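Structural characterization, general
Next come the chains, spelled out residue by residue.
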Amino acid sequence: MNMMTIKMERKSLRDISWQVTEPEYRKDPALSYSTLARYEREGFNNLDKLFERVESPSLVFGSAVDTLMTGSEEEFNEHFMVAQLENPPSDTLVAITKKLFDRWKDGYTDIRDIPDDAIVSTIQDIPWNNHWLPKTRAKKIKEDCAAYYKLLYLSEGKTILNTYVYQDVLNTVDKLRSADSTRFYFEQDNAFDNSVERLYQLKFKATLNGVEYRCMADLIVVLYDKKLVVPVDLKTSYKPEWDFHKSFLEWRYDIQARLYWKIIRDNMDRDPYFKDFKLADYRFIVANKRTLTPLVWLFEKTQSIGEIVTSNGVILRPPLVIGEELRRYLDNKPAVPNGIELIKPNRIDDWL
């Protein structure tokens, strides 16, 4: 009897991804790397703050680079506005201006019209020259932040980049696209060679050990001739690229690598075409805007299951253990952390 070999038609990894918009992705209640990592850094005491939005100049810079590298110029223009500021306010004053704008934009189109006491009470949680008299602080804020406050109206919700920061963004993007170490990852796919496909910002969901997780991968490179899928994450860092191992521990990128790998692998395993593809260990592409020496870092313990102990004794818990613990805390809202007795005495020696 003749046996016919049926060759399966080539698919794109996009076909098995979770195809939702980014706002829909952000609203989804499934746990993400950022939530797990923040919980692991801040613990039980900050459970109520885990989902608060965090903003900083470094995050804004990284987002701008990410958008140009993994998105498009049109997407960049949708999210950012470049403005020439002769005397740009400090990072703290920018934070102050944004807070005042969010609170008073409907009542005052000019920051100089906001009453002094309203300014001081609104920014009481931001430490800035607290030794000055309240009226002096308010006067200085009105002088230094008036132009930026007006820009916030013009930006219509977009993130403002001053021209100096924008130039740093362009320099970083150019280097990532041209450096020998990273050029391959960001090249345009060859229309005459379909053996390589580069996919940006693919989203996936998976339920692992009863807990739902989500991820959005910066870049996935599919090498069809090798039946290999290579997951990549892009990082901008204030540390030189050769010091990435320090950032890796500080921001717990081990959680990201191991969690993303498991989510992507789960989706591949459930697909008849991609189940036979190998999923490589996670790679991190790192760039610093000052040194501009992009490097690729490979995390060879991406697929490890249990705890990882670093050479200096730091214990890195696996993401699924963290996720299961956090899910129970979020669902059950206990009064005290696991292991603490509410009624019986707690043994100090057990916690030292």
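**Focus on the packing of helix α11 (residues 253-269) against helix α12 (residues 319-332)**
It is at 9 Å that the axes of α11 and α12 come closest, and there the two elements cross at 90°. Classified by the interaxial angle, the pair formed by α11 and α12 is roughly perpendicular. Contacts between α11 and α12 pair I255, R258, L259 and K262 from the former with P319, L320 and I322 from the latter. In terms of residue class, the contact of α11 with α12 is made up of five nonpolar, no polar and two charged.

**Observations regarding the packing of aromatic side chains**
Per the stated rule, a full pass over the model turns up 26 aromatic pairs. With a centroid separation of 5.9 Å and 65° between ring planes, the pair formed by W104 and Y108 is classed as edge-to-face. Ring geometry for F248 against F299: centres 4.9 Å apart, planes inclined by 55°, an arrangement best described as tilted. With a gap of 51 residues between them, F248 in helix α10 (residues 244-250) and F299 in the loop between β8 (295-298) and β9 (308-309) connect regions that are remote in the sequence.

**Considering the packing of helix α3 (residues 57-70) against helix α8 (residues 163-178)**
The geometry of α3 relative to α8 is characterised by a closest axis approach of 10 Å and an angle of 45° between their N-to-C directions. By the criterion of interaxial angle, the relationship of α3 to α8 is oblique. Classified by chirality, the crossing of α8 by α3 is right-handed. Residues F61, A64, V65, L68 and M69 of α3 form the contact with α8, whose participating residues are V165, D168, V169, L170, T172, V173, L176 and R177. For the contact of α3 with α8, a count of residues per class yields ten nonpolar, one polar and two charged.

Thresholds, definitions, all that
Residues numbered from 1 in each chain as written. Predicted model: local features only at pLDDT ≥ 70, side-chain atom pairs only at ≥ 80, totals over all residues. Heavy atoms only, no water. Axes fitted to C-alpha atoms, helices over the stretch in contact; angles between N-to-C directions. Helix = DSSP H or I, 4+ residues; strand = E, 2+ residues; numbered from the N terminus. Parallel < 35°, antiparallel > 145°, perpendicular 65-115°, else oblique. Contact = heavy atoms within 4.5 Å. Nonpolar A, V, L, I, M, F, W, Y, C, P; charged D, E, K, R; others polar. Phe/Tyr/Trp six-rings, centres within 6.5 Å; stacked < 30°, edge-to-face > 60°. Left-handed = near helix turned anticlockwise from the far one by under 90°.

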